[in-house]
Amino acid sequence: MAFMEQWGTPIKVERGNRAFPESDHASDITKALKNAMDSVGVKVFLNTGVKDILISEGRASGVLLENGKKEHSDAVILATGGLSYPTTGSTGDGYTFSKRLGMKVTPLHPALVPFEVKEKDIYDLQGLSLKNVSIKVVDDSKVYFEDFGEMLFTHFGISGPLVLSASSLVTSVLANRPLNFVIDFKPALSYDKLDEKLLRMISEHPKKKVSFVLTNMLPKKLAGVVEKRLKISEEKNLSDLTKEERHRMISGLKEFSLTLLKTRGFKEAIITQGGISVKEINPSTMEAKCVPSLYVCGEVLDVDAFTGGFNLQIAFSTGYLAGTSIS
């Protein structure tokens, strides 16, 4: 943060200790980095594709450009990013270069990415955001992820902070089989407390319909989807509900289930999971163990984390260490 402010980008800290440029423009981070590079004479070659890393006497000695020209150097830092956000130039070249040099690259998956779901009844909920819900991703009796927070319905499935975090833990499993995504719309109320509330509403409004209860507890569009799933007659008065139907309503509010089919692709993923194995890298310098003078940093490495700035921190910290190790 001090570095960014030193080079002209004031920083603010928001909820959850998340740090952002005061302007909310990512380009201001770029400007700070450019100002710092200009101050020490860094040369930047724009629109210059790299074809391979040059090796001389077993050491990294520069790069071979796509136009055939060779740029020689004392060291090379591989900071090509992953496969996510391809519009930024993340084409996966770094994995290709490292494999050619004999380095292990672990399987690659899109992570911090939305899910596509099987159930089409939620497609009409596109744009609906939910706060203070609890979710879990399960497979039979195994719970892969469980948390509380915010999520969002989309035209293909689900997204939002909870969903993105869940994707980081289940992407590799989901590649082999579908998983269940269960939403508790009322996590603050236990089953018994919710039943008490429902009985109270029935007592106070015996002639009302099921929709009355649901629209009092959920956004209107969502209430309609839940009601259809309950398969209780729209004409039935609350006073006529059976015990089984009442429990079905409670389950509809606390166990709304979706089937996760797959994640969206790398184009929509915030990060790439997998990459150059950390066992290939000296953690005190970021130098490749098998190729002296080659340093590796950022998302091309097999290191990833949840949202909250942690992935940016990985990139900044490993980049800083690689740079200082060379100098």
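Calculation criteria
- Residues numbered from 1 in each chain as written.
- Predicted model: local features only at pLDDT ≥ 70, side-chain atom pairs only at ≥ 80, totals over all residues.
- Heavy atoms only, no water.
- Helix = DSSP H or I, 4+ residues; strand = E, 2+ residues; numbered from the N terminus.
- Expected span 1.5 Å × (residues − 1).
- Bend = angle between axes of the 7 residues up to and from the residue.
- Buried < 20%, exposed > 50% of the residue type's maximum accessible area, 1.4 Å probe, protein only.
- Axes fitted to C-alpha atoms, helices over the stretch in contact; angles between N-to-C directions.
- Parallel < 35°, antiparallel > 145°, perpendicular 65-115°, else oblique.
- Left-handed = near helix turned anticlockwise from the far one by under 90°.
- Contact = heavy atoms within 4.5 Å.
- Nonpolar A, V, L, I, M, F, W, Y, C, P; charged D, E, K, R; others polar.
- Pairing = 2+ DSSP bridges.

Draft legend 1. Fine view of helix H4 (residues 161-174). Between its terminal C-alpha atoms H4 stretches 18 Å, which fits the 20 Å expected from 14 residues at 1.5 Å a residue. Bending of H4 peaks at approximately 55° at the position of Ser168. Counting buried positions over the 14 residues of H4 gives 11, a clear majority of the element. Every buried residue of H4 is accounted for by Leu162, Val163, Leu164, Ser165, Ala166, Ser167, Ser168, Val170, Thr171, Val173 and Leu174.

Draft legend 2. Summary view of the packing of helix H5 (residues 191-204) against helix H6 (residues 210-217). Interhelical geometry of H5 versus H6 gives an angle of 130° and a closest axis separation of 11 Å. In terms of axis orientation, H5 runs oblique to H6. At the point where H5 passes H6, the crossing takes the right-handed sense. Of the residues in H6, those touching H5 at Leu194, Lys197, Leu198 and Met201 are Phe212, Val213, Asn216 and Met217. Broken down by class, the residue content of the contact of H5 with H6 amounts to 6 nonpolar, 1 polar and 1 charged.

Draft legend 3. Here's a closer look at the pairing of strand S9 (residues 129-139). As paired elements, S9 and strand S10 (residues 142-153) share 9 bridges and run antiparallel to each other. Paired with Val137 across the two strands is Phe145, which belongs to S10. Linking S9 to S10, which pair antiparallel, is a turn of 2 residues; within it Asp140 sits at a positive phi near 60°. Taken together, the 5 bridges between S9 and strand S12 (residues 179-184) define a ladder with antiparallel strand orientation. Following the sheet pairing, Ile135 is matched in S12 by Ile183.

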